[in-house]
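Spelled out from the first residue to the last, the chains are:
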Amino acid sequence: MNVAVLSGGVGGARFLRGVVAVIGSDNVSIVGNVADDIEVLGLRVSPDLDSILYTLAGLADEERGWGRAGETWQALETVAQLGGESWFRLGDRDIGLHLVRTELLRSRVPLSEATERLAHALGLGARLLPATDDPLRTFVETPEGTFPFQTWFVARGHRDEVDAVHYAGSPDATAAPGVLEALGAADVILIAPSNPYVSIGPILAVDEIREALERRTVPCVAVSPLIGGRAVKGPADRMLLRIAGGTSPAHVASCYAGLIDALVIDEADVPADAPVRLVVTRTLMTDLEAARRLAAAALDAAGAPA
Ligand code: GDP
Ligand code: CA
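Attention here is on the structure that accompanies the text. (Residues numbered from 1 in each chain as written. Chains lettered and ligands numbered in written order. Predicted model: local features only at pLDDT ≥ 70, side-chain atom pairs only at ≥ 80, totals over all residues. Heavy atoms only, no water.)

1. A look at the pattern of salt bridges
(1) Moving on: Overall, the coordinates contain 12 salt bridges when judged by the stated rule.
(2) Moving on: Between arginine 117 and glutamate 113 there is a salt bridge, with its nearest N and O atoms 2.8 Å apart. Taken together, the positions of arginine 117 and glutamate 113, both in helix 5 (residues 111–121) and four residues apart, correspond to about one turn of that helix.
(3) Moving on: Arginine 117 sits in the partly exposed class, given a relative accessible area of 40%.
(4) Moving on: When salt bridges with common partners are traced through the structure, they connect Glu289, Arg292 and Arg293 into a single cluster. (Salt bridge = Lys/Arg side-chain N within 4 Å of Asp/Glu carboxyl O. Helix = DSSP H or I, 4+ residues; strand = E, 2+ residues; numbered from the N terminus. Buried < 20%, exposed > 50% of the residue type's maximum accessible area, 1.4 Å probe, protein only.)

Set out below in structure tokens:
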């Protein structure tokens, strides 16, 4: 069975670990968000792809919730001492990966191929595909102005309410090599419990990908990132409240209108009239076993034998 998963960073990566535990990494293709990508200190950083890389390679820092385990921060301390740009946290080990990626991109290797090389070097079995090789960047409109995603998320600590999100570079962006093939070959498509606006939204802003989902002949199941109407971490709940008008399963489902057949929600949420079938289970991924159970529930909701 082939499974394609649309994924953001940390929430997506946790879920992906479960998917891989259920069906094995060889049959998993991941379409990852790149609209969070940023150039810092001359380095090209792809936070969501890297969260997936580190998590699936077993290198992630589970306690901090992002970045690499055993990380040190000497390079960034030096940057700060020298008056360089140090607001975006980059650890020493992490910087090593960004150096390699940046060098590849500079020698005109596309992001998709650079990602494949990094994934291979880290021993990833699953296929990790950036949604697009084209420049695609999220901007958030807030009462304080419009900000590039990382300025809002990291520098401003996502304190501003978001009125709207847009994706610069869409709709010119085309799907990266392998993405449409992976979606076409999938027996099941899953949408990870990632932020619908700033993680999954930019993937769906690539017209070819959205169309592939609209045209699909196989089941597509999303997992809600909210538990009891609250985000486990991050601004998804506040964004849904302000942009979609609420945090119920129906509001979450409305982000994926016409694209999903079922939404997996938590036992803490009320399964009231949503436009799609709701599947209720425990969705907090406290450990690998919980992630595995959630992935199995999502596959089951898609009618796939887990
Ligand atoms: P980011 O790109 O690193 O911000 O990560 P994602 O967009 O992939 O994931 C962020 C979302 O994951 C947040 O909205 C969280 O609510 C959600 N999330 C994190 N852990 C869990 C979990 O254990 N269960 C569920 N259902 N959602 C989770
Ligand atoms: Ca992200």
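Read on, since the account is not over.
2. As for the nonpolar core
(1) Moving on: Counting residues in hydrophobic clusters, the biggest one holds 51 residues, and the most contacted among them are Leu6, Leu183, Ile191, Ile209, Leu213 and Leu263.
(2) Moving on: Apart from residues no more than four positions distant in its own chain, leucine 183 is found in contact with Ala4, Leu6, Ile189, Ile209, Ala212 and Leu213. (Core = buried A, V, L, I, M, F, W, Y, C linked by side-chain atoms within 4.5 Å. Contact = heavy atoms within 4.5 Å.)

3. What to know about the side chain of serine 29
(1) Moving on: Take serine 29: it is sitting in strand 2 (residues 28–32).
(2) Moving on: With residues near it in sequence (within four places) discarded, serine 29 still touches Val3, Ala4, Val5, Arg127 and Ala182.

4. Focus on the site of ligand 1
(1) Moving on: The environment of ligand 1 is formed by 20 residues, the closest being Ser194, Ser199, Pro225, Thr283 and Met285.
(2) Moving on: Residue glycine 11 places a main-chain N or O atom 3.1 Å away from an oxygen atom belonging to ligand 1.
(3) Moving on: For ligand 1, a nitrogen atom lies 3.0 Å from a polar atom in the backbone of serine 224.
(4) Moving on: For ligand 1, the protein covers 91% of the area, taking 600 Å² as the surface of the free molecule.
(5) Moving on: No other element matches the four residues that helix 1 (residues 10–23) contributes to the shell around ligand 1.
(6) Moving on: Classifying every residue of the shell around ligand 1 by side-chain character gives eight nonpolar, nine polar and three charged. (Near = heavy atom within 4 Å. Polar contact = N/O pair within 3.5 Å; in protein donor to acceptor, adjacent residues only side chain to side chain. Areas by Shrake-Rupley, 256 points an atom, 1.4 Å probe, with all protein chains shown as cover. Nonpolar A, V, L, I, M, F, W, Y, C, P; charged D, E, K, R; others polar.)

5. Regarding the pairing of strand 8 (residues 164–168)
(1) Moving on: Burial along strand 8 is one-sided: Val165 and Tyr167 are buried, and none of Ala164, His166 and Ala168, which face the opposite way, are.
(2) Moving on: Strand direction decides the pairing type here: strand 6 (residues 137–142) and strand 8, joined by five bridges, are antiparallel. Bridge pairing in strand 8 links threonine 138 to tyrosine 167. (Pairing = 2+ DSSP bridges.)

6. Side note on the environment of tyrosine 197
(1) Moving on: Within the element layout of this structure, tyrosine 197 appears in helix 8 (residues 196–204).
(2) Moving on: A relative accessible area of 11% places tyrosine 197 in the buried class.
(3) Moving on: Spatially, the C-alpha atoms of tyrosine 197 and glutamate 289 are 28 Å apart, while their sequence positions differ by 92 residues.
(4) Moving on: The contact partners of tyrosine 197, leaving out residues within four places of it in the chain, are Val165, Tyr167, Pro202, Met239, Leu240, Ile243, Ala244 and Cys255.

7. Focus on the packing of aromatic side chains
Ring pairs (aromatic) are described by centroid distance and by the angle formed between their planes.
(1) Moving on: Following the criterion strictly, the structure yields five aromatic pairs and no others.
(2) Moving on: Between tryptophan 87 and phenylalanine 88, the ring centres sit 5.6 Å apart and the planes meet at 85 degrees, which makes this aromatic pair edge-to-face.
(3) Moving on: What makes tryptophan 87 partly exposed here is its relative accessible area of 30%.
(4) Moving on: Since its relative accessible area comes to 8%, phenylalanine 88 is described here as buried.
(5) Moving on: Relative to phenylalanine 153, the ring of phenylalanine 149 lies with its centre 5.1 Å away and its plane at 20 degrees, an arrangement referred to as stacked. In this pair, phenylalanine 149 and phenylalanine 153 both sit in helix 6 (residues 149–155), four residues apart, roughly one turn of the helix. (Phe/Tyr/Trp six-rings, centres within 6.5 Å; stacked < 30°, edge-to-face > 60°.)

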